[in-house]
Every structure is written in C-alpha cells, then in structure tokens.
Amino acid sequence: MRYKTPVLLLLILPLLGARPLPAHHSPSAVFDMANKFSVTGTLTKVDWINPHIEVYLDAKKGDGSVENWKFESNPPSWFRRVGLARDDIAKGLGQTVTIEGVRAKNGGLYGYLLKITFADGNSVELEFKPTGNG
C-alpha cells in the first residue's frame, strides 16, 4: 500500500502538462471545394510553415480599395516531395500574381490555393484529391 500514492502521482502528473493539439482537417471541412475562383493582386507574404503553407495577396477592388487575402495550401513536406521549395513561390513577392483556389465556406477573404500564376507566366498547380468528410 505504501507505493499506491507515488504510482498514482506518476500516472496523473503527465496529464497535468498535457495540452490539446490543433486539429488537422480536410480542406473540404473549411473550403467550398466545388466553387473555384481566381483573384489577381500583389503577393505580399509567404509563410512556409506547418501544417500548411500560407500565402498573402493584396487585391485591388473596382473602387480602388484593397482586399487582403490569405490562402493556405499543402504542407511544406508535400512541396518538398514534388521538388518545390519556398523560393519557388516566394520569387513572386512584390509582383502581380493570379491565384486560383476555393473560398472559405464562411465567405471571408480566405481560400485554399490550387494554382498560382506568376508575372512571367509560369505557374505552380496543385492536384487536389479529397479525403474524407473533414
């Protein structure tokens, strides 16, 4: 019986420091995968981070105001597997690019990048294969 308390503490202590991990989701859980669209503007930022890369675009509207778009895409490991690096996307920083993607279901200025076309006409296109319902 004298070991009961220390063993119980050893079992409970790791749980006290446990934190929930961010949930990974299928793009179809957040984005309307059936409705593609495109937007043209200036590429302002490329974050090459897990779990998804993120690119940012400033797009001028017809009235001259600017919309600040955020697009996520596949993880950096996917890009490495297909032979692409951050510089292959970041080369467009400060330039006009066209992004084709799907918009977030909530209608915000947030999308999932499917293709980016650079000012020189070169592009990077993703092949998307849905997996599951979310």
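Notes on the structure follow.

Topic: the pairing of strand E5 (residues 110-117)
Most of E5 sits inside the fold, with six of its eight residues counted as buried. In this structure, strand E3 (residues 66-72) lies alongside E5, joined through three bridges in parallel fashion. Residue pairing across strands places Phe 71 opposite Gly 111, the latter belonging to E5. Judged from the six bridges that link them, strand E4 (residues 96-104) and E5 form a sheet pairing that is antiparallel. What sits directly across from Gly 101, in E5, is Leu 113. By the bridge criterion, three bridges tie E5 to strand E6 (residues 123-125) in an arrangement that is antiparallel. Each bridged residue has a counterpart across the sheet, and for Thr 117 the counterpart in E6 is Ser 123.

Observations concerning the nonpolar core
Core analysis: the largest hydrophobic core is formed by 20 residues, its most contacted members being Val 55, Phe 71, Ile 99 and Ile 116. Looking at this core, the elements that each hand over two or more residues are strand E1 (31-47), strand E2 (54-60), E3, helix H3 (76-81), helix H4 (86-90), E4 and E5. Apart from the residues within four sequence positions on either side, Val 55 is in contact with Leu 43, Lys 45, Val 46, Trp 69, Lys 70, Phe 71, Ile 89, Ile 99 and Leu 113.

Observations regarding the side chain of Glu 54
Looking at where Glu 54 falls in the secondary structure, it is placed in strand E2. Its relative accessible area of 15% is what places Glu 54 among the buried residues. Within polar-contact distance, the side chain of Glu 54 engages the side chain of Tyr 56 at 2.9 Å.

Topic: the pattern of salt bridges
What the rule picks out here adds up to two salt bridges. The shortest N-O distance in the salt bridge between Asp 47 and Lys 45 comes to 3.7 Å. Of the residues examined, Asp 47 reaches a relative accessible area of 18% and is grouped as buried. Of the charged contacts, one joins Glu 54 and Lys 70 as a salt bridge, the two residues approaching to 3.5 Å between their closest N and O atoms. With Glu 54 in strand E2 and Lys 70 in strand E3, this pair connects stretches of sequence that are 16 residues apart.

Concerning the pairing of E1
Where E1 and E4 come together, eight bridges link them in antiparallel fashion. Bridge pairing in E4 places Lys 36 opposite Val 102. In this sheet, E2 lies alongside E1 in antiparallel orientation, the contact comprising five bridges. The partner of Asp 47 across the bridge, within E2, is Glu 54. In textbook terms, the turn of a hairpin is the stretch between consecutive antiparallel strands, and for E1 and E2 this stretch comprises six residues.

Rules used in this analysis
- Residues numbered from 1 in each chain as written.
- Predicted model: local features only at pLDDT ≥ 70, side-chain atom pairs only at ≥ 80, totals over all residues.
- Heavy atoms only, no water.
- Buried < 20%, exposed > 50% of the residue type's maximum accessible area, 1.4 Å probe, protein only.
- Helix = DSSP H or I, 4+ residues; strand = E, 2+ residues; numbered from the N terminus.
- Pairing = 2+ DSSP bridges.
- Core = buried A, V, L, I, M, F, W, Y, C linked by side-chain atoms within 4.5 Å.
- Contact = heavy atoms within 4.5 Å.
- Polar contact = N/O pair within 3.5 Å; in protein donor to acceptor, adjacent residues only side chain to side chain.
- Salt bridge = Lys/Arg side-chain N within 4 Å of Asp/Glu carboxyl O.

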